Amino acid sequence: MVLYTTPFSNSCLSALHAVSWYLIFPCYWLLDQLLALFTPAPCQKNQLLCIVLFMPIYLGFLVTSLPFAFLGFLFWCPLQCARRPYVYSRLEDKGPAGGAALLREWKGTGPGKSFCFATANVCLLPESLARHNNVYKTQVRAKEIGHRIRNGASRPQIKIYIDSPTNTSISAASFSSLVSPQGDGMARAVPGSIKRTASVDYKGNSGRHPSDEAANGPASGDPIDCSSLENACVVRISGDEGGRHPEADDPATGGQARNGAGGGPQGQTPNHNRRDGDSGSLGSRSASKESLVKARAGLDSGGSGEPGATHSKAPHKASVVKKVAARKRRHPDEAFDHEISAFFPANLDFLCLQEVFDKRAATKLKNQLHGYFEYILYDVGVYGCQGCCCCRRCCEAHCCFKCFNSGLFFASRYPIMDAVYHCYTNGKGVDSLASKGALFLKVQVGSTPQDQRIVGYITCTHLHAPEEDSAIRCEQLDMLLEWLADFRKSTSSSSTANPEELVAFDIVCGDLNFDNCSSDDKLEQQHSLFTRYKDPCRLGPGEEKPWAIGTMLDQDGINDEDVSSPDNLQKVLESEEGRREYLAFPTSKNSGAGQKGRKDVLKGNGRRIDYMLYAEEGLCPDWKAEVEEFSFITQLSGLTDHLPVAMRLMVSTGDEEA
């Protein structure tokens, strides 16, 4: 299948579309800014003064631009019928972390390979609409979101072992980094001995892939055994002379290490002012060096090194302390690790985003993420008048004019083989103005010695939003499963007798706009989607696992100082009191009048509406997909009203020999 690199099939249509949009854009921008005046931003001190000063200016220019916008619209609207449903972008990387090099890494042999997936609703709406979610400066946020994701994903992945008479488990600081990339492209070990109560800092290199960095030997202190950063680093922290972990000397084992808590980009969050002690806003290189000196000084003086004591402007902070152990736990009945992390997982392979509605913001986001992801699909969806949309259940037909695209965005380190987009046909009300739908992707992740392709399937979607429309969401889930079955059938080049492809994984993720706790979402909770795909956070319909938390933040508290940085938000969400304060909880439609204005908490740890599901069936025979790690991520604090989620999936081939 040919992927579309331009919105139109020929340059003439592209040029005509560009001219029409240039005529429309001034009117669109002025109207957006005018409406935004009536929804103040948190930093806007005098709303009335802004309205008095700017409203006449915006209105004057808006009236002037209307004739040009109307002329542009006459050309723009018919062109949408010829527009392709997405734009594919590839920034070829010939380095060791490029897609071609990654394909050569896995031959489908050995014990298996892990893949990391993440999904997030980033709320990149036009400014006037974004402010209703208590976020603002869409263009600035788009660049910062891409910067943070890229820095978080491009950190080295390390595995920490703590040797002590009572604890020989892997440290919970899985997203941390004890290696600091320098200007010469080499990663140097942090000098000085490392104690269990130490805080260390890592300054990410946003422009590099992890595999571009090499590791020197340890400078001093406890040994740091580092292979290539793509394969992670194994760090051994001795609390005692004995108790050496059997895997500590095996770099291959370290390649499937858990991820941990450190790494993030630098820049100012547009939704809050920079304050002292705000470690989440990604400070400068000098700040990083300062905090390293402070951490070392604290160790030499016998200080505890608690995060509160050394809370600085350094961006990537990882505490090898007992408190961190609480951030990443393995439940006695759980087969995988789970945590609330301040950073995106290291070596992130696939990223699915929702609500990237603004086209300029999508371009800024793409440019940032291309520093890490080689393959990107953006501007997904349809615009304009798309004929009649027919609702299957009520048999009602209505005209659908789409003002916005689907908001879906996909980035991958592995080559994309096929992509198909479908628009949900049963949109209703304001939600129908966006072409919400599902994006189906087929990616190649390896090849066998017999030249059989190893592939994976990923589905990214965003369902109908209004809480009362459960029937619409269930119908959309039906469409999704039907389209997914058709996509797999149409893109498969294998047969049972002659398999040309081996399926390694099948993932469904996105913002489904319902939770597994609310009594009002029972229809969705019992949908057949959850019998075909497994939710790592769910015990059953209406019952969550005790460690799962909500992914929808309380919009009123997004800009509070207590949650103004990734570290702060992480600490808040680790406590039940903090979750009650800053997460959105399910509410009952039948709440009494006396309960107006307060949360009618039913149960659970908040509304988890962002999902990451995986299939255990339909894969290559004898292969097995198992969750290795699941994370709720706070790195986008102040930039969106959702928590991203990430999952590391181990695909086991059944071979005992590597």
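The numbering scheme is per chain: residues are counted from 1 as the chain's sequence reads. Given that this is a predicted model, residues contribute local features only at a pLDDT of at least 70 and side-chain atom pairs are listed and counted only at 80 or more, while totals for whole chains, interfaces and linings are drawn from all residues. Note that water and hydrogens are dropped before the side-chain values are worked out from all heavy atoms of the structure.

K.L.:
Describe the sheet that holds strand β18 (residues 416-423), with residues and values.
P.N.:
If you walk across this open sheet you meet the 5 strands as β18-β19-β20-β21-β24, and the pairing is mixed. Among the strands making up the open sheet, the edge pair consists of β18 and β24 (610-614). Adjacent strand axes in the sheet meet at a mean angle of 15° when their direction is disregarded. Note: strand β20 (residues 453-462) against strand β21 (residues 501-511), 10 bridges, orientation parallel. In the strand pairing of β21, Gly-456 is matched with Phe-505. Here the rule is simple: two strands pair whenever DSSP picks up at least two bridges between them. Comment: elements are numbered from the N terminus, with helices defined as DSSP H or I runs of at least four residues and strands as E runs of at least two. Axis lines are fitted to C-alpha atoms, over the contacting stretch for helices. Their N-to-C directions set the angle, which ranges from 0 to 180 degrees.

K.L.:
Lay out the pairing of strand β17 (residues 409-412) in plain terms, naming residues and giving numbers.
P.N.:
Alternating positions in β17 separate into two faces, Phe-409 and Ala-411 on one and Phe-410 and Ser-412 on the other, with burial throughout. Sheet analysis places strand β13 (residues 350-356) next to β17, joined by 4 bridges and oriented antiparallel. Within β17, the residue paired with Leu-351 across the bridge is Ala-411. As defined by bridge partners, strand β14 (residues 375-378) adjoins β17 across 3 bridges and the pair is classed as antiparallel. Paired with Leu-377 across the strands is Phe-410, a residue of β17. The classification of residues rests on relative accessible area computed with a 1.4 Å probe and restricted to protein chains. Under 20% of the type maximum is buried, over 50% is exposed, and intermediate values are partly exposed.

K.L.:
If you had to explain the nonpolar core to someone new, which residues and values would you point to?
P.N.:
Core analysis: the largest hydrophobic core is formed by 83 residues, its most contacted members being Phe-117, Phe-350, Phe-410, Val-445 and Phe-505. For this analysis, residues touch if any pair of their heavy atoms sits within 4.5 Å. What Phe-117 contacts, discounting residues up to four positions off in sequence, is Leu-348, Phe-350, Ile-458, Phe-505, Ile-507, Met-612, Val-645, Ala-646, Met-647 and Leu-649. Val-122, Val-356, Ala-361 and Ile-633 belong to the second-largest nonpolar core, a separate cluster that totals 29 residues. In this text, buried Ala, Val, Leu, Ile, Met, Phe, Trp, Tyr and Cys residues form a nonpolar core when linked through side-chain atoms within 4.5 Å.

K.L.:
Explain unusual backbone geometry to me, and be specific about the residues and the numbers.
P.N.:
Positive phi is not limited to glycine here, since Lys-137 has a value of about 55°. Positive phi values are uncommon outside glycine, yet Glu-355 reaches one of about 60°. Relative to the elements of secondary structure, Glu-355 occurs in strand β13. The exposure class of Glu-355 is buried, given its relative accessible area of 13%.

K.L.:
Which residues make up the side chain of Asp-521, and what are the values?
P.N.:
Position of Asp-521 among the secondary structure elements: in the loop between β21 and α11 (522-525). Sequence-distant contacts of Asp-521, defined by excluding residues within four places in its chain, comprise Glu-467, Ser-470, Arg-473, Phe-514, Asp-515 and Arg-607.

K.L.:
Let's hear about the environment of Tyr-375: which residues, and what values?
P.N.:
Structurally, Tyr-375 can be placed in strand β14. Accessibility expressed as a relative area gives 3% for Tyr-375, which makes it buried. Residues Tyr-375 and Phe-410, 35 residues apart in the sequence, show an inter-C-alpha distance of 8.3 Å. Here a polar contact is recorded for every N or O atom pair within 3.5 Å, except that within protein the pair must consist of a potential hydrogen donor and a potential acceptor, and residues adjacent in sequence are included only if both atoms are side-chain atoms. There is a polar contact of 3.4 Å between the side chain of Tyr-375 and the side chain of Glu-374.

K.L.:
Tell me about the confidence of the model for the protein chain, and please be specific about residues and values.
P.N.:
By definition, pLDDT measures how confident the predictor is in each residue, and it falls between 0 and 100. Here the protein chain shows a mean pLDDT of 76. Residues at 70 or above account for 66%. Counted against residues more than four places away or in other chains, residues 272-327, with its pLDDT under 50, gives 136 contacts. The low-confidence segment residues 591-602, where pLDDT is below 50, has 16 contacts with residues more than four positions distant or belonging to other chains.

K.L.:
Give a detailed account of the pairing of β14, specifying residues and quantitative values.
P.N.:
By the alternation rule, side chains of β14 split into Tyr-375 and Leu-377 and Ile-376 and Tyr-378, which are all buried. In this sheet, β14 lies alongside strand β1 (residues 87-90) in antiparallel orientation, the contact comprising 4 bridges. If you follow Ser-89 over to β14, its bridge partner there is Ile-376.

K.L.:
Tell me about the packing of helix α5 (residues 138-153) against helix α9 (residues 359-369), and please be specific about residues and values.
P.N.:
When two helices pack together, you describe them by how their axes are tilted relative to each other and by the distance separating the axes. Two elements in contact, α5 and α9, have axes whose closest approach is 8 Å; the angle formed by their N-to-C orientations is 20°. In terms of their interaxial angle, α5 and α9 are classed as roughly parallel. In the crossing of α5 with α9, the sense of the turn from one axis to the other is right-handed. Contacts between α5 and α9 pair Thr-138, Gln-139, Ala-142, Lys-143, Ile-145, Gly-146, His-147, Ile-149 and Arg-150 from the former with Arg-360, Ala-361, Lys-364, Leu-365, Gln-368 and Leu-369 from the latter. We call two directions roughly parallel when the angle between them is under 35 degrees, roughly antiparallel when it is over 145, roughly perpendicular when it lies between 65 and 115, and oblique otherwise. Here a crossing is called left-handed whenever its near helix is offset anticlockwise from the far helix by less than a right angle, and right-handed whenever the offset is clockwise.

K.L.:
Please provide a residue-by-residue account of a nonpolar patch on the surface, values included.
P.N.:
On the surface, Leu-16, Phe-70, Leu-71, Leu-74 and Phe-75 cluster together into a nonpolar patch covering about 470 Å² of accessible area. The element that contributes the greatest number of residues to the nonpolar patch is helix α2 (residues 47-79), accounting for 4 residues. Summarising the element assignment, Phe-75 is placed in helix α2. Among the residues examined, Phe-75 registers a relative accessible area of 40% and is labelled partly exposed. Patch members must show over 30% relative accessible area and no salt bridge, and they are joined within 9 Å when carrying like charges or within 5 Å when they are nonpolar side chains of Val, Leu, Ile, Met, Phe, Trp or Tyr. Per-residue accessibility takes into account occlusion by the displayed protein chains alone, with areas from the Shrake-Rupley method and a 1.4 Å probe. What counts as a salt bridge is simple: a side-chain nitrogen of Lys or Arg found within 4 Å of a carboxyl oxygen of Asp or Glu.

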